[in-house]
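Each chain, written out:
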Amino acid sequence: MDPQSQVLAWQTKVAFALGLKFEKVFVVTHEKKNLANVPGNIKIIVFPNIFLRAPMRWGGGKYLLNFWIYYLHLKYRFDKAFIHMNFEWAYFFSPFFKITGIPLSIWYAHGSVSPRLYKAHKIATRVVSSTKEGFRIPSDKLVLIGQSIDTEIFPLMHLKEISGVFIYVGRISPRKNIDKLIEVVDSVVKANRIKNCKLMVVGGPLTDDDRKYEAELFSRITALGLNDHIEFTGPLSQLQIAEMYKTVFAHMSFSETGSMDKTLMESLSCGCPVLTSNDAVINLLEERYRITKEDITGAVDRLCYIHQHQAEIDRFQLRQIVINKHDFSSYIEKLSYNIAR
């Protein structure tokens, strides 16, 4: 629970919004920081980390926490449960859920399917996800409620002037295929197809493998002589990213996460054209916005087309893809309904 986190600020926003829908909300979390003005009906409880560290974790510490969560239940008498992404707690707490019969809802929105996810699905009363691509286990427990884009932080942004700048927003990771974006820039620059072409890469690495990948990207950019055409900004706040959509003509992504990429939907909320291979997003877009990593030439052609016609693109229409379907307000309405029922 950290509203200033570059990655997990959304968790705090969801918890506080649920506080407006329920009489009381008890948030169990690994860590809390930078919290102010916590609503009076929300209590934030931190896991006793002694159970999560060695040697306890090797002796089933997470399962022993069933006694602790049952104690909390006796103390606070909560009657619904919701797990936000950290789905493993569904089966770690399975004895508690079986004894109490408390209905459990899980939010999961990712393309990967693992044996652990099957175990969590078996325990859950229902699963809520953004799209069918975000939960790929066939299930009558699944309810699709859309993505949760904050349309106030990401309002409609009109271009200040014709631009040669496009953007990528997200984690720097091999799964994001940023090397393919470098190929696109190299092709555009060599053929001089976009005047003052520049790619802004917004985001940072999280793991050692990510950092190794980032170093490889830097080396590749230097080898191709593209240092003046590609800029890495590092992580930026949501407000800073939203402001950038006034100055870029497109957001391009070859991401392969398999679920609906939130950063792409934030772009659309601002009315910024999205060129993507993301499975869950391309279904919402016209053909001219669809690309694949196997066809870099086609991706270049579509980028150049969007650049050439940027002044004619109806940004309001792109924003309508998000409004009332994938915005934060409708998400909370649908989420709270499914937790409560």
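Keep in mind that this is a model prediction, so the values were computed, not measured. (Residues numbered from 1 in each chain as written. Predicted model: local features only at pLDDT ≥ 70, side-chain atom pairs only at ≥ 80, totals over all residues. Heavy atoms only, no water.)

1. A few points about the layout of surface pockets
The criterion, for reference: Throughout, the protein atoms alone are placed on a 1 Å grid, and a set of points is a cavity if a 1.4 Å probe fits but cannot get out or a pocket if it is open with protein on both sides within 12 Å along at least five of seven lines; lining residues have an atom within 4 Å of a point. Grid points are joined across faces, edges and corners, and a volume is the space filled by probe spheres set on the points. Counting from the N terminus, the helices are DSSP H or I runs at least four residues long and the strands are E runs at least two residues long.
Size it by volume and the second largest pocket reaches roughly 1,400 Å³. Around the second largest pocket sit 41 residues that line it, and Phe26, Val27, Val28, Phe82 and Ile83 are the ones nearest its centre. Listed by contribution, the elements that provide at least two residues to the lining of the second largest pocket are helix H1 (9-18), strand E1 (25-29), helix H2 (61-76), strand E3 (81-84), helix H4 (94-100) and helix H13 (328-340). Sorting elements by how many residues they give to the lining of the second largest pocket places E1 first, with 5 residues.

2. Observations concerning a nonpolar patch on the surface
Filter applied, for reference: Like charges are joined within 9 Å and nonpolar side chains (Val, Leu, Ile, Met, Phe, Trp, Tyr) within 5 Å, but only among residues with over 30% relative accessible area and no salt bridge; these make up the patches. Note on areas: Shrake-Rupley, 1.4 Å probe, and residue coverage restricted to the protein chains presented here. Salt bridge, as applied in this entry: a Lys or Arg side-chain nitrogen positioned within 4 Å of an Asp or Glu carboxyl oxygen.
A cluster of nonpolar side chains, contributed by Val7, Leu8 and Leu206, occupies part of the molecular surface with about 280 Å² of accessible area. Along the chain, Leu8 falls in the segment before H1.

3. Let's talk about helix H6 (residues 178-191)
Quick reminder of the rule: Here the expected length of a helix is defined as 1.5 Å per residue gap, with one fewer gap than residues. Buried, partly exposed and exposed residues are distinguished by accessible area as a fraction of the type maximum, computed with a 1.4 Å probe on protein chains only: under 20%, between the cut-offs, and over 50%, respectively. It only takes one pair of heavy atoms within 4.5 Å for two residues to be counted as in contact.
Compared with an ideal rise of 1.5 Å per residue, which puts 14 residues at 20 Å, H6 spans 20 Å between its outermost C-alpha atoms and is within 8% of the ideal. Taken residue by residue, H6 has Ile178, Lys180, Leu181, Ile182, Val184, Val185, Asp186 and Val188 as its buried positions. Here the buried face of H6 lies against strand E7 (165-169), strand E8 (198-202), helix H7 (208-223), strand E9 (230-234), strand E10 (250-253) and helix H11 (296-308). Asn192 sits one or two positions beyond H6 and adopts a positive phi of about 55 degrees.

4. So, the packing of H1 against H13
Definition in use: Angles shown run from 0 to 180 degrees and are taken between the N-to-C directions of axes, each axis being a line fitted to C-alpha atoms and, for helices, limited to the stretch in contact. Less than a right angle of anticlockwise turn of the near helix away from the far helix marks a crossing as left-handed, whereas a clockwise turn marks it as right-handed. Only Asp, Glu, Lys and Arg are considered charged, only Ala, Val, Leu, Ile, Met, Phe, Trp, Tyr, Cys and Pro nonpolar, and every remaining residue, Gly among them, polar.
Relative to each other, H1 and H13 sit at 65 degrees, their axes nearing to 10 Å. Judged by the twist between their axes, the crossing of H1 over H13 is right-handed. Side by side, H1 and H13 meet where Trp10, Lys13, Val14, Ala17 and Leu18 of the first sit next to Phe328, Tyr331, Ile332, Leu335, Ser336 and Ile339 of the second. For the contact of H1 with H13, the class distribution of residues is 9 nonpolar, 1 polar and 1 charged.

5. Some thoughts on the packing of aromatic side chains
Here is the rule: Here is the rule: rings of Phe, Tyr and Trp (six-membered ring for Trp) pair when centre to centre is within 6.5 Å. Planes less than 30 degrees apart are stacked, more than 60 are edge-to-face, and the remainder are tilted.
Evaluation of the coordinates by the stated rule reveals 19 aromatic pairs. Taking the centre distance of 6.1 Å and the plane angle of 50 degrees together, the rings of Phe26 and Phe78 count as tilted. Placement of the pair is Phe26 in strand E1 and Phe78 in the loop between H2 and E3, with a sequence separation of 52 residues. Ring plane angle 80 degrees and centroid distance 5.3 Å describe the contact between Phe87 and Tyr108, whose orientation is recorded as edge-to-face.

6. A closer look at the nonpolar core
How we decide: By nonpolar core we mean a set of buried residues, namely Ala, Val, Leu, Ile, Met, Phe, Trp, Tyr and Cys, connected to one another through side-chain atoms within 4.5 Å.
By size, the foremost hydrophobic cluster in this structure holds 44 residues, and its most contacted members are Phe166, Val184, Met252 and Leu303. By size, the runner-up hydrophobic cluster in this structure holds 28 residues, among which are Tyr91, Ile106, Ala120 and Val127.

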